[in-house]
Structure formats: C-alpha cells, structure tokens
Protein chains: 2
Amino acid sequence: MSIAIENFVKAIYNNNSHDARDTKPGNIAKKLGISSAAATDMAKKLATKDLLHYEKYQELQLTDKGRKMAINIVRKHRLWEAFLFKMFDMSLHDIHKEAELLEHQTSDLLAEKISEYLGHPKFDPHGDPIPNANGEITTTDTSIPLSNAEENKTYIISRLTSDDKEFFEFCAKQKLKYGHEIKVSKQFKNNKMTELSVENNTILLNEDFTTLIYVNEIN
Amino acid sequence: MSIAIENFVKAIYNNNSHDARDTKPGNIAKKLGISSAAATDMAKKLATKDLLHYEKYQELQLTDKGRKMAINIVRKHRLWEAFLFKMFDMSLHDIHKEAELLEHQTSDLLAEKISEYLGHPKFDPHGDPIPNANGEITTTDTSIPLSNAEENKTYIISRLTSDDKEFFEFCAKQKLKYGHEIKVSKQFKNNKMTELSVENNTILLNEDFTTLIYVNEIN
DNA sequence: ATTAATTTTTAAGTTAACTTAAAAAGTTTT
DNA sequence: AAAACTTTTTAAGTTAACTTAAAAATTAAT
Ligand SMILES: [Mn+2]
Ligand SMILES: [Mn+2]
Ligand SMILES: [Mn+2]
Ligand SMILES: [Mn+2]
C-alpha cells in the first residue's frame with residue numbers, strides 16, 4: 001500500500017476516533033492538504049480495495065481491514081515518537097514530523113523491536129495510546145479537556161492533541177508536558193479562559209489551547 | 001526529490017565509487033530493478049536538474065550537486081545501519097533492508113542526532129565509511145578482497161560488500177563479521193578458493209564470497 | 001418552500017514513474 | 001568490413017496521485 005493510501009486511511013481513523021467530527025471527503029482532504037476531488041477519487045478506489053465503505057455524499061467508514069491498517073500505522077507513528085523522544089533531545093513537534101514519515105517505512109519487525117526496547121509503552125509523548133501488535137488498545141482514557149476542568153482541583157496532563165509547532169513550543173516553555181501536575185485556580189466562563197498554576201507559575205490560557213490539553217484529576 | 005530520484009542517484013554513486021564498473025543506464029536499471037528505458041528517461045530528466053551529465057550512449061556521470069545528494073543519502077543509510085545494529089538484535093540483512101527505506105525519510109537534523117548519539121562513527125556494520133555532515137569521507141580504505149590475500153598472513157575483516165541474505169547468514173554463522181580476525185592458510189589459485197581459519201575453525205571459500213569480503217593485514 | 005450558500009461529485013487534464021516493443025546505435029565475432 | 005549480437009534509445013501507452021473547473025446534490029437561511 002502506498003504512502004498516500006496509508007495517510008488517507010489514517011486520517012479517517014484519527015478523525016472519527018478522536019473528535020468524531022464529520023468524515024466526508026472534504027474534511028479528510030483538508031487534513032491531508034489535497035483537493036476534495038482527489039479525496040473522493042481516493043475514497044472510491046479504497047472502497048474497491050475493501051478498506052472503507054463509500055456511498056455518495058455519505059460519511060466515509062473504514063472496514064475492519066481498513067481500521068486494522070490504520071491502527072498499524074498509528075502504532076508505528078506513536079512508537080517512533082516514543083522512541084525518538086527517549087533517545088534524542090528533540091522538540092515534540094520535530095519528533096512528530098519525523099514520525100509522520102518514518103511510520104510508512106517501518107516493518108512490523110522493526111516496530112516490534114522498538115516496542116520491546118521501550119518496554120512496550122502504552123502511551124506516546126503526547127499521551128496518545130499506543131496500540132499493541134494485535135491492534136488492541138487496552139488503556140481507557142478518562143481524561144477531560146482543560147476547558148472543562150473544575151476550579152481548585154489538581155490534575156495531571158494526559159494528552160496534548162495538536163501538531164502545531166507554536167503550540168508545542170509554548171507548552172514546552174510553560175512546562176505543560178505529558179505527566180506534569182497542574183492546579184486550576186479559576187475558570188473564566190464568559191471569556192472562556194482558564195487560570196492555572198504549574199510549578200509555582202500562574203498562567204492564563206484561552207480556549208484555543210485549553211481544548212487541546214487533556215487532563216486527569218488527582219484524587 | 002523523490003525516492004525514485006534518490007535511489008537512482010545513489011545507485012550511480014555506489015556503482016562507480018565501489019566497483020568502478022560501467023555506469024550506463026542499462027546497468028543502473030538492473031540494480032534498481034527497472035527497465036533500461038525507464039533508466040534512460042530518468043537520466044535525461046536528472047540531467048535537466050543538473051544532477052548528472054548525460055550524453056547518448058555514454059556513461060552517466062554525477063555532477064557535484066548529484067554527488068552531494070548521493071552522499072547525503074549514503075550517509076543516512078549507513079547511520080541507520082550503525083544505529084539499528086547497535087540498538088537492536090537484527091540481522092545485517094534485515095538492517096540493510098530497513099535502512100534502504102529509512103534513508104529517504106530522514107531529516108538532516110535526525111541524521112545528525114543519530115550520528116551524535118553513536119559518537120560520530122566512521123564505519124557502518126558492513127565496514128563501509130560513513131560520510132560526515134559535510135559529505136566528506138576522511139578515512140582511507142587500504143583493504144583488499146580476501147581473494148587477493150596472501151597465504152599465512154593474518155587479517156582483520158574490514159568490509160562485507162553484499163546485500164544478499166544468504167551471504168550474511170553464512171557470514172554470521174561462520175563468525176565472518178566486521179572487525180573479526182582471520183588467518184589465510186592457503187590460496188588455491190587454480191580453483192580460485194581460499195582456505196582460512198576463524199576462531200579455530202577452518203573454512204574453504206570460493207571466489208563468489210572472497211571477492212565480497214575485504215580485509216586489512218595485521219602487521 | 002424557495003432561494004442561497006456550501007459541499008461533493010464528475011469531468012478533463014497533468015505529472016512522475018514506470019512498462020513493452022520497435023528502431024537505432026554501438027560492440028563483437030567471423 | 002560485413003554480419004551478428006547486444007545495448008541503448010525512442011515511441012507509445014499505463015497507472016497512481018494529484019489538479020482545476022463545472023455540474024449536481026446537500027445543507028442552511030430566509
Ligand atoms: Mn504519514
Ligand atoms: Mn503522538
Ligand atoms: Mn533506498
Ligand atoms: Mn552498509
């Protein structure tokens with residue numbers, strides 16, 4: 001399967017497993033940076049390969065075969081992220097970019113070697129779950145977006161769901177990293193802003209960021 | 001530059017730096033597993049990109065730009081080989097296959113991180129030199145093929161120049177590895193065979209293998 | 001319920017990287 | 001120096017992955 005096909009299938013998978021937003025060709029096209037005409041063509045082609053169900057004007061839905069394929073790529077992506085993060089001093093954004101390419105050129109054998117070396121990690125450095133070699137995700141995600149966090153409660157950052165460079169640079173600078181502890185001091189409901197403290201610093205985030213940062217409450 | 005272009009330029013580079021054999025489209029085509037018509041087309045195209053000089057029926061010659069590009073890919077290939085060899089228990093042949101793909105999806109930044117992690121190694125696990133980030137190869141190779149080695153002299157294996165799976169399996173089993181010591185006991189000139197000892201075992205190799213194994217004399 | 005706006009699909013065309021088959025040129029043998 | 005053989009080139013055609021622009025369908029607004 002070509003890189004174009006792999007990216008297409010992965011985009012569908014990420015789209016409706018993550019946000020559950022609309023999974024029509026136009027939206028997938030936007031994520032991949034191609035025209036929606038190209039996405040429609042590709043969808044039709046992949047339907048003949050039994051990777052997805054296609055019906056005119058309807059949402060695209062992966063078949064079991066398509067989902068399996070997507071998960072395999074996602075697994076390789078997240079393993080590479082975890083591996084590069086551990087081995088080298090590189091920004092999350094750079095790591096993501098490398099993984100975006102390496103994921104397509106990695107044998108199952110090498111993926112397994114990487115997983116083994118890392119002790120079969122369950123999460124990548126963004127906090128996203130890493131499927132096992134059988135395509136299963138055994139962890140359950142109970143985290144909520146920071147925008148929904150409650151005042152005066154303490155949380156652990158569990159996911160950073162973006163691939164924007166500036167976002168990650170900001171997060172790195174402010175110590176907003178996977179696994180770090182934060183305390184929400186105030187939710188400004190009207191302005192949709194959140195005040196919180198990280199390592200004795202108080203920062204104020206707007207909704208653009210608080211919907212990308214997911215947290216788990218500490219009890 | 002596409003993967004097809006990168007592999008083409010690399011094939012030319014490897015061809016006339018290694019064996020100095022004929023570098024016409026047909027021969028390159030054979031190495032890449034494409035038709036010679038395709039190779040001729042590609043050669044013409046790359047000439048317009050100033051990556052090589054093309055003249056009908058003549059040998060293909062890389063320009064400085066083309067050579068630079070080839071060396072950059074070779075560097076990434078060999079760094080990946082050295083890195084995977086160090087990190088994981090994988091056969092040389094498998095490592096080579098992974099590197100053949102990863103070399104095209106590796107940023108200069110990541111290549112440098114790998115090189116740094118390994119302490120800027122000068123050789124890959126086949127004994128081939130790793131160009132530095134400026135494309136320079138500072139080591140000089142004084143090794144000779146085992147077929148030319150002299151009787152009753154002791155050598156260190158410095159290169160295994162093949163990508164055949166069976167060859168590497170055989171070498172691995174017989175401890176014919178990069179850096180290992182061997183002693184040549186007899187050269188059968190007529191039969192073009194070489195008798196040698198490795199770790200107290202005596203083995204007899206024919207020309208198919210002794211031209212692929214390069215050695216340096218121990219003084 | 002029309003009309004307007006948005007999205008998806010179809011249609012037609014492009015480019016890169018191939019293929020096979022025939023023609024042309026180069027090389028080797030007699 | 002022909003003839004025979006081999007290799008390279010040209011020519012024509014295919015496929016995957018795109019594009020733009022128009023047509024068709026869906027969705028939203030009045
Ligand atoms: Mn990708
Ligand atoms: Mn990730
Ligand atoms: Mn390659
Ligand atoms: Mn090598």
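All values derive from a computational prediction rather than experimental measurement.

## Description of the interface of chain A and chain B
Right, on to step 1. Listed as interface residues are 20 residues of chain A and, on the opposing side, 20 residues of chain B.
Right, on to step 2. When chain A packs against chain B, close to 1,700 Å² is buried across both sides, 73% of that on carbon and sulfur atoms.
Right, on to step 3. At the boundary of chain A and chain B, one finds zero salt bridges.
Right, on to step 4. At the boundary of chain A and chain B, one finds four residue pairs in polar contact (both at pLDDT 80 or more).
Right, on to step 5. If you list the elements that add at least two residues to the side of chain A that touches chain B, you get α4 (64-87), α5 (92-102) and α6 (108-117) of chain A.

## As for the packing of aromatic side chains
Right, on to step 1. According to the stated counting rule, one finds 18 aromatic pairs over all chains in the structure shown.
Right, on to step 2. On the numbers, 5.1 Å between centres and 85° between planes, the contact of F167 of chain A with F209 of chain A is edge-to-face. You can see F167 of chain A sitting in helix α7 (residues 165-173) and its partner F209 of chain A sitting in helix α8 (residues 207-210), a full 42 residues away along the chain.
Right, on to step 3. The partly exposed category is assigned to F209 of chain A, whose relative accessible area is 23%.
Right, on to step 4. Arranged with centres 6.5 Å apart and planes meeting at 40°, the rings of F123 of chain B and Y178 of chain B form a pair that is tilted. Taken together, the positions of F123 of chain B in the loop between α6 (108-117) and β3 (144-145) and Y178 of chain B in the loop between α7 (165-173) and β5 (181-188) put the pair 55 residues apart, joining distant regions of the chain.

## Some points on the packing of helix α4 (residues 64-87) of chain B against α6 of chain B
All names here are of chain B.
Right, on to step 1. Running from amino to carboxyl end, α4 crosses α6 at an angle of 45°, the nearest separation of the two axes being 10 Å. When the axes of α4 and α6 are compared, the pair comes out oblique. Handedness of the α4/α6 crossing: left-handed. In this structure, α4 uses N72, R75, K76, L79, W80, F83 and M87 to contact α6, whose residues at the interface are D108, L110, A111, E112, I114, S115 and Y117.
Right, on to step 2. Tallied by class, the residues present in the contact of α4 with α6 amount to eight nonpolar, two polar and four charged.

## Side note on the side chain of T63 of chain A
All names here are of chain A.
Right, on to step 1. Tracing the chain through its elements places T63 in the loop between β2 (61-62) and α4.
Right, on to step 2. The class for T63 is buried, based on a relative accessible area of 7%.
Right, on to step 3. There is a polar contact of 2.7 Å between the side chain of T63 and the backbone oxygen of D50.
Right, on to step 4. At a separation of 3.0 Å, a polar atom in the side chain of T63 contacts the main-chain amide nitrogen of G66.
Right, on to step 5. Non-local contacts of T63, meaning those with residues more than four positions away in its chain, are made with D50, L51, L52 and H53.

## Topic: the domain arrangement of chain A
Right, on to step 1. Segmentation of chain A into domains returns domain 1 (3-62) and domain 2 (144-217).
Right, on to step 2. Here the C-alpha centre of domain 2 of chain A lies 31 Å away from the C-alpha centre of domain 1 of chain A.

Reading the values: rules and limits
Residues numbered from 1 in each chain as written. Chains lettered and ligands numbered in written order. Predicted model: local features only at pLDDT ≥ 70, side-chain atom pairs only at ≥ 80, totals over all residues. Heavy atoms only, no water. Contact = heavy atoms within 4.5 Å. Buried area = accessible area lost by both parts, 1.4 Å probe. Salt bridge = Lys/Arg side-chain N within 4 Å of Asp/Glu carboxyl O. Polar contact = N/O pair within 3.5 Å; in protein donor to acceptor, adjacent residues only side chain to side chain. Helix = DSSP H or I, 4+ residues; strand = E, 2+ residues; numbered from the N terminus. Phe/Tyr/Trp six-rings, centres within 6.5 Å; stacked < 30°, edge-to-face > 60°. Buried < 20%, exposed > 50% of the residue type's maximum accessible area, 1.4 Å probe, protein only. Axes fitted to C-alpha atoms, helices over the stretch in contact; angles between N-to-C directions. Parallel < 35°, antiparallel > 145°, perpendicular 65-115°, else oblique. Left-handed = near helix turned anticlockwise from the far one by under 90°. Nonpolar A, V, L, I, M, F, W, Y, C, P; charged D, E, K, R; others polar. Domains from an automatic or database assignment.

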